[in-house]
Amino acid sequence: MGRMYEDSIREEFTHQTDVFARAGALKGAQVLGALVDLVPADPEARWLEVACGPSMVGRAVAPRIGSLHGVDLTPAMIERAREEAAREGLANAEFGIGDATALEFEDGSFDGAITRFSLHHIPAPQRVVEEMARVVRPGGLVVIADHARDDDAAVAAWVEEIERLRDPSHWSCLTPARLRAIGAAAGLEPDREELVPFELEFEDWRDRSSGGKDAAALIDRLLEEVPPGAEAFRVVGEGAERKLLLQNMLFRWRRA
């Protein structure tokens, strides 16, 4: 990634380190349990978590596997991942600084690679999937989860306006069809695919990122202008009781 965009991601996720690590909604069955279930239990397996953040996913996966290595661009997130893994007594987990688009590992170094909610922050998501496929051995697994985007261009533009007001590091969400095509282009064979609806507390989601509070009034105005056909991003309820309804796309591929 370009240096300017890397700096944007580091700045945003340094801001989010504490609140992101505490976000209870990101630990639920819909967004964490369903993903962990895609990782086969294997006490010998070596897995990589890409763009790991505080490694909420990796720390949940670690008891099922032999070892976990997590990488992230943001030093504060890596430090939090190490602290949480030590607190949980996970001796088989280690973490380091790393660029998801240019992983510093040899081909076939891992039995599996996993990432969650990272691709919508990265201008070249196909490069991330290619790198994950490269560092996984033949027959190994690549597992990805991210917010789904509706196909309709007007709906997509409306969602991205809201997302970028809230989070300056947001780039663009993918449709399931686009992510499917990226996996195929990376030489990955479909193994399992699922679309799981989930919900977040709207104000918690909005205010977790650096722009949310300042842009709250404009975001509310945009929410009054929802275009027809919005399914993958919807806000329901009133006032402080509002919920954000999203769709979590889960993909598991096998490297040929």
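For the structure itself, consult the block above.
Since this is a predicted model, take the numbers as computed values, not measurements.

(A) Highlighting the overall build of the protein chain. Across its full length, the protein chain carries nine helices and eight strands. A total of 256 residues make up the protein chain; the buried ones form 53% of that total. Considering only residue pairs separated by 6 or more positions, the protein chain has 77% of its internal contacts joining residues 24 or more positions apart. Surface exposure of the protein chain reaches about 11200 Å², of which carbon and sulfur atoms provide 49%.

(B) Region of interest: the environment of R192. Locating R192 in the fold gives a position in strand β6 (residues 188-201). Dropping the residues within four chain positions of it, R192 is found in contact with L38, L250, F251 and R252.

(C) A look at the environment of D72. Turning to its location among the elements, D72 is positioned in strand β2 (residues 65-72). Separated by 22 residues in the primary sequence, D72 and V50 place their C-alpha atoms 6.6 Å from one another. Those residues in contact with D72 that sit more than four places away from it in its chain are A51, C52, G53, M77, I78, G96, I97 and G98. At a separation of 2.8 Å, a polar atom in the side chain of D72 contacts the main-chain amide nitrogen of G53. A distance of 2.9 Å separates the side chain of D72 from the backbone nitrogen of T74, its partner in a polar contact.

(D) Quick peek at the pattern of salt bridges. Counted under the stated rule, the structure contains 18 salt bridges. The partner of R87 in a salt bridge is E84, and the shortest N-O contact between them spans 2.6 Å. Placement of both R87 and E84 in helix α4 (residues 75-87) is noted, with a separation of three residues, approximately one turn of the helix. Using a relative accessible area of 61% as the deciding quantity, one classes R87 as exposed. On the basis of relative accessibility, which here comes to 16%, the residue E84 falls in the buried class. One connected set of salt bridges, linked through shared partners, spans D107, R127, E130, E131 and R134.

(E) Fine view of helix α9 (residues 216-223). Where α9 is concerned, the buried positions are A216, I219, L222 and L223. All buried residues of α9 fall inside an arc of 120° around its axis, so they share one side. Of the exposed residues in α9, those oriented more than 90 degrees away from the buried face are A217 and R221.

(F) Spotlight on the packing of helix α6 (residues 153-166) against α9. In contact at an axis separation of 10 Å, α6 and α9 are set at 170° when each is read in the N-to-C sense. By the angle between their axes, α6 is roughly antiparallel relative to α9. Here the hand of the crossing between α6 and α9 comes out left-handed. Along its contact with α6, which presents W158, E161, I162, L165 and R166, the element α9 presents L218, I219, L222 and L223. Residues that form the contact of α6 with α9 fall into these classes: seven nonpolar, no polar and two charged.

(G) Expanded view of α6. Over its 14 residues, α6 extends 20 Å from the first C-alpha to the last, a length consistent with the 20 Å expected when each residue adds 1.5 Å. Within α6 the residues assigned to the buried category are V155, A156, W158, V159, E160, I162, E163 and R166. Structurally, α6 contributes buried residues whose contacts are with β5 (136-147), α8 (202-208), α9 and β7 (233-236). Of the residues flanking the start of α6, the one acting as N-cap is D152, its side-chain oxygen 3.0 Å from the backbone nitrogen of A154.

(H) Inspection of the packing of aromatic side chains at higher detail. Within this structure, the stated rule accounts for six aromatic pairs. Between F117 and F198 the ring centres are 6.0 Å apart and the planes differ by 15°, which places this aromatic pair in the stacked class. Of this pair, F117 sits in the loop between β4 (110-116) and α5 (125-135) while F198 sits in strand β6, placing them 81 residues apart in sequence. With respect to class, F117 is no different from F198; both count as buried. Ring centres 5.9 Å apart and planes at 70° place the aromatic pair W205 and F233 in the edge-to-face group. You can see W205 sitting in helix α8 and its partner F233 sitting in strand β7, a full 28 residues away along the chain. F233 sits in the buried class, given a relative accessible area of 3%. The structure contains a cluster of three or more aromatic residues connected by ring pairs, namely W158, F202, W205 and F233.

About the criteria used
- Residues numbered from 1 in each chain as written.
- Predicted model: local features only at pLDDT ≥ 70, side-chain atom pairs only at ≥ 80, totals over all residues.
- Heavy atoms only, no water.
- Helix = DSSP H or I, 4+ residues; strand = E, 2+ residues; numbered from the N terminus.
- Buried < 20%, exposed > 50% of the residue type's maximum accessible area, 1.4 Å probe, protein only.
- Contact = heavy atoms within 4.5 Å.
- Areas by Shrake-Rupley, 256 points an atom, 1.4 Å probe, with all protein chains shown as cover.
- Polar contact = N/O pair within 3.5 Å; in protein donor to acceptor, adjacent residues only side chain to side chain.
- Salt bridge = Lys/Arg side-chain N within 4 Å of Asp/Glu carboxyl O.
- Arc of directions from axis to C-beta.
- Axes fitted to C-alpha atoms, helices over the stretch in contact; angles between N-to-C directions.
- Parallel < 35°, antiparallel > 145°, perpendicular 65-115°, else oblique.
- Left-handed = near helix turned anticlockwise from the far one by under 90°.
- Nonpolar A, V, L, I, M, F, W, Y, C, P; charged D, E, K, R; others polar.
- Expected span 1.5 Å × (residues − 1).
- Phe/Tyr/Trp six-rings, centres within 6.5 Å; stacked < 30°, edge-to-face > 60°.

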